[in-house]
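So the chains spell out like this:
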Amino acid sequence: MIIRKSQAEIEGMARAGEIVVDTLAIIGDELRPGISMIDLDRLAEEYIRERGGVPTSKGYRGYPATLCISPNAMIVHGIPTEYRAKEGDVISVDIGVTLDGLVADSAYTFGVGEISADAERLLDVCQEALAAGIEQARVGRHVSDIGHAVQTVVEGAGFSVVRSLVGHGVGRAYHEDPQIPNFGAPARGPELLPGMTLAIEPMINAGGPDVVMHADEWSISSADGSLSAHFEHTVAVTEDGPRVLTAAKRPVQAGLLP
Ligand code: MF3
Ligand code: CO
């Protein structure tokens, strides 16, 4: 069952989303060569709690941290480790914040310092795919229109869509119906209606789409070791079109600032 949220709930999710955005901005500032993943996680947790929020991931199905931090070939659900960022890394950071019982979920893949032209293109394409997916989050479209749009962008650029991981409804809980695959035929699945709130999250690989799970039973990487990217926004379907509840007021990554 897809839960449609009231206007008040959507505003509450947007307030959770502001904490998400501001936390990602801090991470973007701090994510320089030498910082450890554990340090980033600690900074994020402290900041979220200072703002009155709760890190949604921590304790979710036993997950031990605030952030999922997934470097390079890792796609999602990386448990923060002592690993230190180095020049040229691409590091995906996924964060959920609960505020007054309502959840916002977002992810951003950061480049550390100078990254390769190929890596740059992977990040650009993933963001473009997310934007194309969000564009479909309109009353009267169907869930599969989102994935179809994502897949078209990603495969058109010669990259692959991860099949075994999906976006999802979000809001009263971290993961709600519907599942939102990042591929498929258009015009399938439930029709989108006002008040639906969706976490749209393309996960894409530079190489093939297959994945491997690591021994920690959380972190998942591309099977062929190719670079992976992940961008995610929480989006409300409204009568006026898609409303992104986790949108940065300015570019998140330091260095992109004017
Ligand atoms: N934020 C992730 C998502 O986009 C969920 C992470 S679950 C966790 O769905 F437990 F690993 F945090
Ligand atoms: Co999500």
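This text goes with the structure placed above it.
Attention here is on the structure that accompanies the text. (Residues numbered from 1 in each chain as written. Chains lettered and ligands numbered in written order. Predicted model: local features only at pLDDT ≥ 70, side-chain atom pairs only at ≥ 80, totals over all residues. Heavy atoms only, no water.)

1. Quick look at the site of ligand 1
Logical step 1: Taken together, 13 residues form the shell around ligand 1, and within it Ser57, Asp94, Tyr174, His175 and Glu201 come nearest.
Logical step 2: The fraction of the free accessible surface of ligand 1 (330 Å²) that becomes covered by protein chains is 97%.
Logical step 3: Looking at the shell around ligand 1 residue by residue, the classes come out as 5 nonpolar, 4 polar and 4 charged. (Near = heavy atom within 4 Å. Areas by Shrake-Rupley, 256 points an atom, 1.4 Å probe, with all protein chains shown as cover. Nonpolar A, V, L, I, M, F, W, Y, C, P; charged D, E, K, R; others polar.)

2. Remarks on the coordination of the cobalt ion (ligand 2)
Logical step 1: Taken together, the protein ligands of the cobalt ion (ligand 2) are Asp105 (OD), His168 (NE2), Glu201 (OE) and Glu232 (OE), with distances of 2.0 to 2.3 Å.
Logical step 2: In this structure, the cobalt ion (ligand 2) is coordinated by 6 donor atoms arranged in irregular fashion, with angles at the metal of 49 to 170°.
Logical step 3: Each donor residue of the cobalt ion (ligand 2) belongs to the same chain, with the gaps between them written as D-x62-H-x32-E-x30-E. With His168 in strand S7 (residues 167–169) and Glu232 in the loop between strand S13 (228–230) and strand S14 (233–238), this pair connects stretches of sequence that are 64 residues apart. (Donors = N, O, S within 2.8 Å, 3.2 Å for Na, K, Ca; no water. Tetrahedral: all angles 85-135°; square planar, octahedral: opposite > 155°, others 65-115°. Helix = DSSP H or I, 4+ residues; strand = E, 2+ residues; numbered from the N terminus.)

3. What to know about the packing of aromatic side chains
Logical step 1: Counting across every chain of the model gives 4 aromatic pairs.
Logical step 2: Geometrically, the ring pair formed by Tyr60 and Tyr174 is edge-to-face, given 5.1 Å between the ring centres and 80° between the ring planes. You can see Tyr60 sitting in the loop between strand S1 (54–55) and strand S2 (67–71) and its partner Tyr174 sitting in the loop between S7 and strand S8 (176–180), a full 114 residues away along the chain.
Logical step 3: By relative accessible area, which is 24% here, Tyr60 ends up partly exposed.
Logical step 4: Ring geometry for Tyr63 and Trp218: centres 4.9 Å apart, planes at 80°, overall edge-to-face. In this pair, Tyr63 sits in the loop between S1 and S2 while Trp218 sits in the loop between strand S11 (211–213) and strand S12 (220–222), placing the two residues 155 residues apart along the sequence.
Logical step 5: Classification of Tyr63 as buried rests on a relative accessible area of 3%.
Logical step 6: Of the aromatic side chains, those joined through ring pairs into one cluster are Tyr108, Phe110 and Phe231.
Logical step 7: The ring centre of Phe183 lies 4.5 Å from the NZ or CZ of Arg163, which sits over that ring. (Phe/Tyr/Trp six-rings, centres within 6.5 Å; stacked < 30°, edge-to-face > 60°. Buried < 20%, exposed > 50% of the residue type's maximum accessible area, 1.4 Å probe, protein only. Lys NZ or Arg CZ within 6 Å of the ring centre and 35° of its normal.)

4. Section: the sheet that holds S12
Logical step 1: What the 3 strands build is an open sheet, ordered S3-S12-S11; its pairing is antiparallel. The strands lining the two open edges of the sheet, one partner per strand, are strand S3 (74–76) and S11. In this sheet, neighbouring strand axes are inclined to one another by 40° on average, regardless of whether the strands run parallel or antiparallel.
Logical step 2: Where S3 and S12 come together, 2 bridges link them in antiparallel fashion. Its bridge partner being in S12, Val76 is matched across the sheet by Ile220. (Pairing = 2+ DSSP bridges. Axes fitted to C-alpha atoms, helices over the stretch in contact; angles between N-to-C directions.)

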